[in-house]
Each structure stands twice: as structure tokens, then as C-alpha cells.
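Each chain is listed here by its residues.
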Amino acid sequence: MKAANVSCFVFKFIRIHRRELCRARTAGQQSSTTQFQQDCSPGHHLAFNRCIGHILHRRYSTESSVKNCQGLLYRNHGDPSQVVQLEPMELPPVGAKSVLVKMLAAPINPSDINMIQGTYAILPDLPAVGGNEGVGQVTEVGSQVTTLKVGDWVIPRDAGLGTWRSAAVWKEDDLITLPSDIPLLSAATLGVNPCTAVRMLSDFEALKSGDSVIQNAANSGVGQAVIQIAAARGVHTINVVRDRPDLQQLTDRLKAMGATHVIKEETLRRPEMKELFKTCPRPRLALNGVGGKSATELLRQLQQGGTMVTYGGMAKQPITVPVSALIFKDVKIQGFWVTQWKRNHTQDEGAMRTMLDELCSLIRAGKLSAPACAEHSLQDFQKALDAAMQPYSSAKQVVVM
């Protein structure tokens, strides 16, 4: 090809690139025109086909987003305040079946803390980036990616990706899309607690409107989601919380979400429970996130043939099951781990999609809101970690990028 023709083609490609740049900026992305013009200017040492590569490659991320990537890493297990550090990270190239994701927000969950401490059921190889949940936006896609596009909001399908970072390159199959018309904090906190709540309310007892559920840890992220989803289905909730100085304030907040009753753990052992059951039936389902004596007291409240599902053990104490409950009340004791549910349904795209669509519909309808959140920057991670480990905390700590 003659030099004059080369220059003509280059000029046309630069114009095309500028149009693509404007579109990308309209979508909230950025690009580096200067470097492109330098690379593709006539007489530059780069081959002409590299100019074409710049145009045809579906890339809208900035160079700075790659160079300045940071993450919260830990190289040893231990106290999160001691072992987690903010470090620069080098991102790998985007492969044919992978995408570049700019993280938007990621919460700190108890399971994240347990992973760092080395006490969780699954532990990533060290060094590792903290965080199992969060929402990000796709800024670049590989040539063979078919289910994701630039601009999509995405969340992890499974635990262990490490979401406490400003950007990451992940496989297409590791992510699932969320609509971007829901609030950011709702999207960031959707993948663990609300999914746990909706599965426990759906998979163990065939609850119908007018039935009752009892739960401890009612002010936790799971507990708040249970209250709201149950209320949307017409199911009563009896919500057990620990006594605290701001108990009335907490009670009012949970009732505003749709809680039928909010009681202290001590009340479970008192005659007041008989009065409570005059206004709603004994529960068919008990949800235990604490363990120990609290779980045993939940069991005692179940109706004949009811089920207690354990999804957490904050008290770090075993569950004692009265023999009479097993023999004479025929109660069922089961466990639930949302990570295992997701893995069991890896090949069932419809199950995950249906669940997320249901939750997003509730969010849009104003029937499911994110838990109370405290926002922190990556640089302020120490404050976020310290707050996440405090007792009686009703706010979820969220790192916003």
C-alpha cells in the first residue's frame, strides 16, 4: 500500500476512534486518544495493522485504571487489622474469555473476616485479596465473550474472587449481570445475604401467607432481608435480638421494615410467648444464625413438624437439641450455605437468574432495601475493618471505590 493511501486510512481510523471515544465517554468511560494518535500517526514505527487493532478491539477502559489498581491483600491469616494491607496490583491482560471490571462497591461480611482469620470453610491461596461480594462495571471484554458487554453491572457467581480492589480481570463465567437501575448499595450487598434469605424462606418449608417464621440475629444483613422478603409474601416474622442500649430504636427500625414482632432473647423463656402466639401462629420455620442456647430456644417455639435451618454460628457454641423435640415434635434440623447452593446450581443458569430477578423486582417495588450501610474508601479500610468487627453493630461496612 502506498504511503498516501496509508495516511488516508490512518486518518479515517482516527476519526472512527474519536467517535468511539465520544460514545465511551457518554457511557461514563474514558480512553487515551493521545497515545492512540501517537501510535497510529504516519511515519510512526508501529505497523499499520496495530492501528487497526486499536480500532477493532472493544476496549473502553483507561490506562490509569490499569496502572493505578489497588487492592486489600493479606499474605498471612490472622487479625484483619494486622494482616490486611492496601497494595498496588498489576492486572493481567484481558483474555479472549475474560473481562476487565472496575469495582464500584464491596461490603465486609462476617465470612470475609473469617477467611482472613483462616477459620472459614473455604480459604483462597495466599496472598489473597479480601472480599467475596460486591458490584462492579465491565469496562473491557475479550474477543470471545458473549454474555457480558461494556457497561454491564456484574457480581460474583461464587465466593473467593476477592472484591476489595479497584479493578480486576475475571473470567466471563465467574460473573453474572445485575440491572443498573437499582441502588448501588443494594447491588453491592445482593449476592450473599438476600440470596441466603430467599433460599431459606423458599426451600425448607412451603410457607404461605399467614404463616410464621422465627429468627435470631434479626438485625443482621440476613435477618433484615428475611423480614422484608417474608413481609412481601405475607409471612409473619418473630425477630429475636440481643438486649442493647438502643433496643427501642432498633425495634422501631425493624418494624418499619415489616417485622411482626421484635423480642429479646430473654423473652423466649418467659410466659409472654403464650400471649404472642395469640396474634400469630407458632412458626413452621426457625432460622438460626447464632447457635448455642439461642438456637435451642428457637427450637422450643416451633410447631409440630417444623424445621430449624442453621446458616451461621456467631456464638461459636454447638447446638443442643432436646430429645423431646425430635421424638414428640418431629422437628427437622438442617443447615444452609449459600455458596454451596450456588455451586450446586452452576449449570442451572435459570435458577440463579430467577432468584436475582425476584430480588431486583422487590428492590424496585420498594419492598427490599439494603441494610444500613457505612461507606468507606479503600484508603480508609482500617476504620471499615474495625467497625465491622464491633459487637451490636447494625450497619454493614461497605468499601466504595
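The coordinates are above.
Quick caveat, the model's predicted, so the values are computed rather than measured.

Asks: Report on the nonpolar core, specifying residues and quantitative values.
Replies: Residues Leu178, Ile229, Leu356 and Leu359 are the most contacted members of the largest nonpolar core, which totals 40 residues. If you tally residues by element for this core, the top one is helix H15 (residues 349-364), at 8 residues.

Asks: Hey, could you go over the packing of aromatic side chains for me, with residue numbers and the actual values?
Replies: This model, assessed by the stated rule, comprises 2 aromatic pairs. Here the aromatic rings of Tyr120 and Trp337 are separated by 6.1 Å at their centres, their planes lie at 75°, and the arrangement is edge-to-face. Here Trp337 lies in the loop between strand S14 (332-335) and helix H14 (338-344) and Tyr120 lies in the loop between helix H6 (110-117) and strand S4 (128-129), a separation of 217 residues in the sequence.

Asks: Quick rundown of the sheet that holds strand S10 (residues 236-241)? Include the residues and the values.
Replies: The 6 strands lie next to each other as S11-S10-S9-S12-S13-S14, forming an open sheet whose pairing is parallel. Whereas interior strands pair on both sides, the edge strands pair on one side only; in this sheet they are strand S11 (261-264) and S14. Averaged over all pairs of adjacent strands, the angle between their axes in this sheet comes to 20°, without regard to strand direction. For strand S13 (residues 307-310) and S14, the ladder comprises 4 bridges, and the chain directions are parallel. Directly across from Met308, in S14, lies its bridge partner Ile333. Packed on one face of the sheet, helix H9 (residues 221-232) meets strand S9 (212-215), S10 and strand S12 (285-288) and runs near 165° to S10. Sitting on the sheet, helix H12 (residues 292-301) touches S9, S10, S12, S13 and S14, and the angle it makes with S12 is about 175°.

Asks: Give a detailed account of the sheet that holds strand S1 (residues 70-74), specifying residues and quantitative values.
Replies: Spatial strand order, S2-S1-S4: 3 strands in an open sheet with antiparallel pairing. Single-partner strands in this sheet number two, and they are strand S2 (84-88) and S4. Relative to S2, S1 runs antiparallel, the two being bridged by 5 bridges. When the sheet's bridge partners are listed, Tyr74 is paired in S2 with Val84.

Asks: Describe H15, and please don't skip the residues or the numbers.
Replies: Under the 1.5 Å per step criterion, the end-to-end length of H15 is 22 Å for 16 residues, consistent within 8% with the ideal 22 Å. Packing partners of the buried residues in H15 comprise strand S6 (153-156), strand S8 (175-178), helix H7 (184-188), helix H8 (193-203), H9 and H14. The positive-phi residue at the C-terminal boundary of H15 is Gly366, with phi of around 80°.

Asks: Any details on the pattern of salt bridges? Residues and values, ideally.
Replies: What the rule picks out here adds up to 15 salt bridges. Close ionic contact of Glu349 with Arg157 constitutes a salt bridge, the shortest N to O distance being 2.8 Å. Of this pair, Glu349 sits in helix H15 while Arg157 sits in the loop between S6 and strand S7 (167-171), and the two are 192 residues apart along the sequence. Between Asp211 and Arg284 there is a salt bridge whose closest N-O contact spans 3.2 Å. Placement of the pair is Asp211 in the loop between H8 and S9 and Arg284 in the loop between helix H11 (272-276) and S12, with a sequence separation of 73 residues. Taken together, the shared-partner salt bridges in this structure form one network comprising Glu205, Lys208, Asp211, Arg284 and Lys332.

Asks: Give a detailed account of the pairing of S11, specifying residues and quantitative values.
Replies: Pairing of S10 with S11, which is carried by 4 bridges, proceeds in the parallel orientation. Residue pairing for S11: Val240 is matched across the bridge by Ile263. Note that the unit made of S10, helix H10 (residues 247-257) and S11 has a crossover that is right-handed.

Asks: Before we move on, can you summarise unusual backbone geometry with the specific residues and values?
Replies: Following Leu126, the chain continues to Pro127 via a peptide bond in cis, the omega torsion being -5°. You can see Pro127 is positioned in the loop between H6 and S4. Backbone geometry places Lys316, a non-glycine residue, at a positive phi of 55°. Looking at where Lys316 falls in the secondary structure, it is placed in the loop between S13 and helix H13 (323-327). Even without a glycine there, the phi angle at Asp330 is positive, about 55°. Along the chain, the position of Asp330 falls in the loop between H13 and S14. According to the relative accessible area criterion, Asp330 is partly exposed, its value standing at 47%.

Criteria and thresholds
Residues numbered from 1 in each chain as written. Predicted model: local features only at pLDDT ≥ 70, side-chain atom pairs only at ≥ 80, totals over all residues. Heavy atoms only, no water. Core = buried A, V, L, I, M, F, W, Y, C linked by side-chain atoms within 4.5 Å. Buried < 20%, exposed > 50% of the residue type's maximum accessible area, 1.4 Å probe, protein only. Helix = DSSP H or I, 4+ residues; strand = E, 2+ residues; numbered from the N terminus. Phe/Tyr/Trp six-rings, centres within 6.5 Å; stacked < 30°, edge-to-face > 60°. Pairing = 2+ DSSP bridges. Axes fitted to C-alpha atoms, helices over the stretch in contact; angles between N-to-C directions. Contact = heavy atoms within 4.5 Å. Expected span 1.5 Å × (residues − 1). Salt bridge = Lys/Arg side-chain N within 4 Å of Asp/Glu carboxyl O. Right-handed = clockwise from strand over helix to strand, strands pointing away.

In short, shape yes, function no, at least from these values alone.
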